[in-house]
Amino acid sequence: PGSGAPPGSPNPSQPGNSSGPGVANPATQMPAPPSVVAGGAPLRRLSSEQYRNTVRDLLGFPAASLTAVALPADDTVDDRFASNGKSLVKEIDFGRYADAANELAKRAVGNLGALTGCDEKAMGPAACGKRFIESFGRRAYRRPLRSEEVARLEKVLASGETFAEGVEQVVSALLQSPKFLYLVEPVPASAIGKIVAVDPFALASRLSYFMLGSMPDEALLLAAEKGQLDSPDAIATQATRLAADVRFRENVGSFHRQWLLLHQIAGAEKDAKLYPTFDAPLRVALAEESRRFVEHVMANEGGKLETLLSAPFSVLGGPLFDYYGVPRPAGTDWQKTALPATERAGLLTHGSMLAAQAHTDRTSFILRGKLVREAIFCTPVPPPPPNAANDEVMVPATATAKERALAHRNKPECASCHALFDPIGFSFEAYDAAGRFRKTEANGQPIDTALDLTSTKSLDGRFTGALDLITKIASADEVRDCVARQWMRFALGREEGGDDGTSLAAASARFRDSGKLADLVAALARSDSFRFQRVLD
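All figures in this text were calculated on a predicted structure; none of them were measured in a lab. (Residues numbered from 1 in each chain as written. Predicted model: local features only at pLDDT ≥ 70, side-chain atom pairs only at ≥ 80, totals over all residues. Heavy atoms only, no water.)

## Section: the overall build of the protein chain
Stated formally: Counting from the N terminus, the helices are DSSP H or I runs at least four residues long and the strands are E runs at least two residues long. Within these notes, the globule rule equals 2.2 Å times the number of residues to the 0.38 power, and the radius of gyration is based on C-alpha atoms. Relative accessibility decides the category of a residue: with a 1.4 Å probe and only protein chains considered, values under 20% of the type maximum give buried, values over 50% give exposed, and everything between is partly exposed. Contacts were defined at the residue level, with two residues in contact if any of their heavy atoms lie within 4.5 Å. Surface accessibility in these figures is a Shrake-Rupley result with a 1.4 Å probe; residues are shielded only by whichever protein chains are displayed. Neither His nor the chain termini are counted; the positive set is Lys and Arg, and the negative set is Asp and Glu. All charge positions are set by atom: Lys at NZ, Arg at CZ, Asp at CG, Glu at CD.
Looking only at helices and strands, the protein chain has 24 helices and 10 strands in total. Radius of gyration (C-alpha) of the protein chain: 25 Å, near the 24 Å computed for a compact globule of 537 residues. The principal-axis extents of the C-alpha atoms in the protein chain amount to approximately 80 × 55 × 45 Å. Burial statistics for the protein chain: of 537 residues in total, 55% are counted as buried. For the protein chain, contacts bridging at least 24 residues in sequence account for 70% of all contacts bridging at least 6. On the protein chain, roughly 22,400 Å² of surface is accessible, and the fraction owed to carbon and sulfur atoms is 54%. When the 61 basic and 64 acidic side-chain charges of the protein chain are each reduced to a single mean position, those positions are 2 Å apart.

Encoded structure:
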């Protein structure tokens, strides 16, 4: 109470994200060798997506059936990746977690035998209940339960008027527990100021939530139990195994939705008079296209960044054949489809990105350029100064993008930042506010998509438009380095710091060599920053 977290929560101010005495295993968390450098680990609460994925795998519910579960809003890392390591839980959110837990528990006991894994009439309620508590609790807490935890839950079980009601109350209690809601990484009390190995079960959770966006499977829990996650090679072996799981491909899709802000297509509204065919079914289809495209590239096209950024095809269905102006092929819906080579290339020309990064009635070279500068080049763009008026809205809608840009770039307080992203945004002006390809401006003038790129390490120069730019960045080392940095943020749930430099450099080098996302993920998983943590006071 008063800590901003559910009652009994691990205290974020305790060293090293500890959940209290008696949790850490000092035998497996000795101080790291002097050569190891790693950053601190924030106490993280499951994101909304991680929560739903975990409940799906814990209870066996279809993912689609969990979308209506109301959960607290997520914090973000770098305004992109969902990671709840900053804000405290608000009082109203206690009720949200309780309501979700009660609803899920009630649904779960509908198939009591499958849930408990035993027959209470044959075994007896007490014996069956204890087996269920130990087995289900181990999966929910992502580690074996301590004897006092089992005893406490046995009392909860016994408080039910029937066995089913008792099981329901146990499930509800577990789903509301901080030990379920938080990714707790305990450390020995003597570890303040030191770098120690991440607790084996916490490391199993790190790896699973990084790669699958969900709880560890039985093989990973067993590896933690047997001390088989104690070396880079052991972690790499598990990472290779998890990369073959369909959930890995789904989680790679989640990374890209957050990295390129593709999820914003869900709220992209357009002027119905200007864009009459841009409706809710189209928004859903555009989101589905990007999801299926990423999963297809990971499963069938080698899983390379270059393909994701510059593929001359996508995976289309529903209204998207008309949207992209390509013939509808014979056969089933949602299939790999070639796109016009002079119009589209990879994720940056998907309608989900282009329509989301635009206004309701006109394009936005600012939103599109800023996204590319921050996401692809990892160049931070500061917020506009307080005295920077939004002069663009005062420019006639018939003005070209470069005419609208003059409203900002003629002001000294705005010019330096706009020089970073305006030119990039100009190159995407061949796509209207709904993301459709066009050859002329709204006023009928030819579109000037040429740009002079600056402030990069090796790509400065003249480009004819977005496709020319994409061709160059798709295979550029500095872009791979940026993507490696973005994946590290996704993996650790925090921004990288000086202590992460060695780990990031090694992962970047591996990614430069192969260009495959699976190789990058494995390199990050075996890094010091992933396997160790600096215990802060």
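Now that the structure is up, let's keep going.
## A word on the pairing of strand 6 (residues 313–316)
Consecutive residues of a regular strand have side chains that alternate between opposite faces of the sheet. This is how the line gets drawn: We treat two strands as partners when DSSP finds at least two bridges between them.
Neither face of strand 6 is open: one carries Phe-313 and Val-315, the other Ser-314 and Leu-316, and all of them are buried. Taken together, the four bridges between strand 6 and strand 7 (residues 335–338) define a ladder with antiparallel strand orientation. Residue pairing in the sheet places Phe-313 in a bridge with Ala-338 of strand 7.

## A closer look at the confidence of the model for the protein chain
Spelled out, the test is: For every residue, the predictor states its confidence as a pLDDT score lying anywhere from 0 to 100.
Mean pLDDT over the protein chain works out to 90, with 91% of the residues at or above the 70 mark. Contacts for the low-pLDDT stretch residues 1–22, under 50 throughout, to residues beyond four places or in other chains number 52 contacts.

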